[in-house]
Amino acid sequence: MRGGLEPIILTRSLERSFQSNGLETQVLKGVDCAIYENEIVSIMGASGVGKTTLIHLLSTLDTPTGGEVWLFGRDVTKLSSNELASLRNRRLGFVFQMHHLLPEFSALENVCMPFLIRGTPMKEAEKYAKRLFDLLGMSDRMSTPVKRLSGGEQQRVAIARAMVTRPNILFADEPTGNLDESATDSIGELFRLLNRELGTTIVFVTHNPRLAKIATRRFVLSKGVLEEIPND
Ligand SMILES: Nc1ncnc2c1ncn2[C@@H]1O[C@H](COP(=O)(O)OP(=O)(O)OP(=O)(O)O)[C@@H](O)[C@H]1O
Ligand SMILES: [Mg+2]
């Protein structure tokens, strides 16, 4: 608890191990963390340490082998598959290491895709998506096919697509993977803007200390546990 607030994300002794060739590898060995509404949280750590594994568990895309994940005050392992689907659809947004955009479709069509899946009329979807492009500073690139956009622009489109349904929490796994410093800075600015303007809680994994600096709280995953780095 912090100032009487419930955490929006809470883990208790979270564990994840994988079996391969009869061998069990314990990747997460008891992760405890509490993340609150409106925070921007960064997770760093060496390659292979389990950051993607952790963010998949926090975002309900994977199931723990031990411990608990609570989102919005509910134990997600106790939700039915319908409740889980609705939670993911309405309250969570995802940006993956590989962004999975559809290259032949325009930036606008890509961003509208989650609305179309929900059955929202195209006109309404476009109206909100256009506002998001304004916010991203990419209004002039909306009708360009994604394959003709730069890496940084594609990454912004992926973030817009994750944000278009106005999720409470945005999860991003290495959102600036192959980007240069200036494109990285603009993703950082974008996170801050979305957090400030829309109140979105943001949890992201990164190898980039520059990007980690924009977080209001920073964590490092090491030897299967998560440690908070004090703010300097
Ligand atoms: N589905 C799986 N089956 C078996 N092992 C897995 C699986 N997913 C992840 N692992 C193992 O778990 C460990 C952590 O992987 P993970 O992808 O979470 O690391 P990471 O910290 O995200 O690394 P990177 O910084 O390189 O993206 C690795 O040793 C990986 O091989
Ligand atoms: Mg990873």
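Scroll up to find the structure this text is about.
Values in this document were obtained by computation on a predicted structure and should not be read as measured data.

A. Summary view of the nonpolar core. In terms of nonpolar packing, the biggest core is built from 38 residues, with Phe133, Val157, Ile159, Leu170, Phe191 and Phe204 touching the most fellow members. Setting aside anything within four residues of it in sequence, one finds Ile159 in contact with Val95, Leu170, Ile187, Leu190, Phe191 and Leu194. Ranked by size, the runner-up nonpolar core spans 30 residues in total, among them Leu28, Val49, Leu58 and Leu71.

B. Seen up close, the sheet that holds strand β9 (residues 217-222). The strand order across the open sheet built from six strands is β6-β7-β8-β3-β9-β10, with neighbouring strands paired in mixed fashion. Looking at strand neighbours, the two that pair on one side only are β6 (92-95) and β10 (225-229), the edges of this open sheet. Ignoring which end each strand starts from, the neighbouring axes of this sheet average 20° apart. Each of β6 and β7 (169-173) touches helix α5 (residues 151-163); the most contacted strand, β6, lies at about 165° to it.

C. Representation of helix α6 (residues 181-198) in the model. Across its 18 residues, α6 extends 25 Å between first and last C-alpha, which sits within 8% of the 26 Å expected from 1.5 Å per residue. Residues of α6 that are buried include every one of Ala183, Thr184, Ile187, Gly188, Leu190, Phe191, Leu193, Leu194 and Asn195, and no others. In this structure, the buried side of α6 is in contact with β3 (40-44), α4 (122-136), α5, β7, β8 (201-205) and α7 (209-212). The N-terminus of α6 is capped by Asp180, whose side-chain oxygen sits 3.2 Å from the backbone nitrogen of Ser182.

D. Region of interest: the pattern of salt bridges. In this structure the tally under the stated criterion is twelve salt bridges. Residue Glu153 pairs with Arg141 through a salt bridge whose shortest N-O separation is 3.2 Å. On the criterion of sequence distance, the pair formed by Glu153 in helix α5 and Arg141 in the loop between α4 and α5 is long-range, its members being twelve residues apart. Counted as one network, the salt bridges with shared partners bring together Glu39, Arg217 and Glu228.

E. Geometry of the sheet that holds strand β1 (residues 9-20). Taken in spatial order, the four strands line up as β2-β1-β4-β5 in an open sheet, and their pairing is antiparallel. The open sheet has two edge strands with one neighbour each: β2 (23-35) and β5 (74-75). Two strands pair when backbone bridges link them, and β1 and β2 are joined in this way by ten bridges, in the antiparallel orientation. Bridging from a neighbouring strand, Leu14 pairs with Val31 of β2. Sitting on the sheet, helix α1 (residues 51-58) is in contact with β1, β2 and β4 (66-71), with an inclination near 125° to β1.

F. Examining the site of ligand 1 more closely. Every one of the 13 residues lining ligand 1 counts as a neighbour, but Ser47, Gly48, Lys51, Thr53 and His207 are closest to it. The separation between an oxygen atom of ligand 1 and a polar main-chain atom of Gly48 is 2.8 Å. Residue His207 places a side-chain N or O atom 2.8 Å away from an oxygen atom belonging to ligand 1. Broken down by class, the residue content of the shell around ligand 1 amounts to four nonpolar, seven polar and two charged.

G. The packing of helix α3 (residues 107-118) against α4, seen in detail. At a closest axis distance of 9 Å, the pairing of α3 and α4 adopts a crossing angle of 125°. It follows from the interaxial angle that α3 and α4 lie oblique. For the pair α3 and α4, the crossing hand works out as right-handed. Taking contact as the criterion, the partners of Ala107, Leu108, Val111, Cys112, Phe115 and Leu116 in α3 are, on α4, Met122, Ala125, Glu126, Tyr128, Ala129, Lys130 and Phe133. Split by residue class, the contact of α3 with α4 holds eleven nonpolar, no polar and two charged.

The rules we used
- Residues numbered from 1 in each chain as written.
- Chains lettered and ligands numbered in written order.
- Predicted model: local features only at pLDDT ≥ 70, side-chain atom pairs only at ≥ 80, totals over all residues.
- Heavy atoms only, no water.
- Core = buried A, V, L, I, M, F, W, Y, C linked by side-chain atoms within 4.5 Å.
- Buried < 20%, exposed > 50% of the residue type's maximum accessible area, 1.4 Å probe, protein only.
- Contact = heavy atoms within 4.5 Å.
- Pairing = 2+ DSSP bridges.
- Helix = DSSP H or I, 4+ residues; strand = E, 2+ residues; numbered from the N terminus.
- Axes fitted to C-alpha atoms, helices over the stretch in contact; angles between N-to-C directions.
- Expected span 1.5 Å × (residues − 1).
- Polar contact = N/O pair within 3.5 Å; in protein donor to acceptor, adjacent residues only side chain to side chain.
- Salt bridge = Lys/Arg side-chain N within 4 Å of Asp/Glu carboxyl O.
- Near = heavy atom within 4 Å.
- Nonpolar A, V, L, I, M, F, W, Y, C, P; charged D, E, K, R; others polar.
- Parallel < 35°, antiparallel > 145°, perpendicular 65-115°, else oblique.
- Left-handed = near helix turned anticlockwise from the far one by under 90°.

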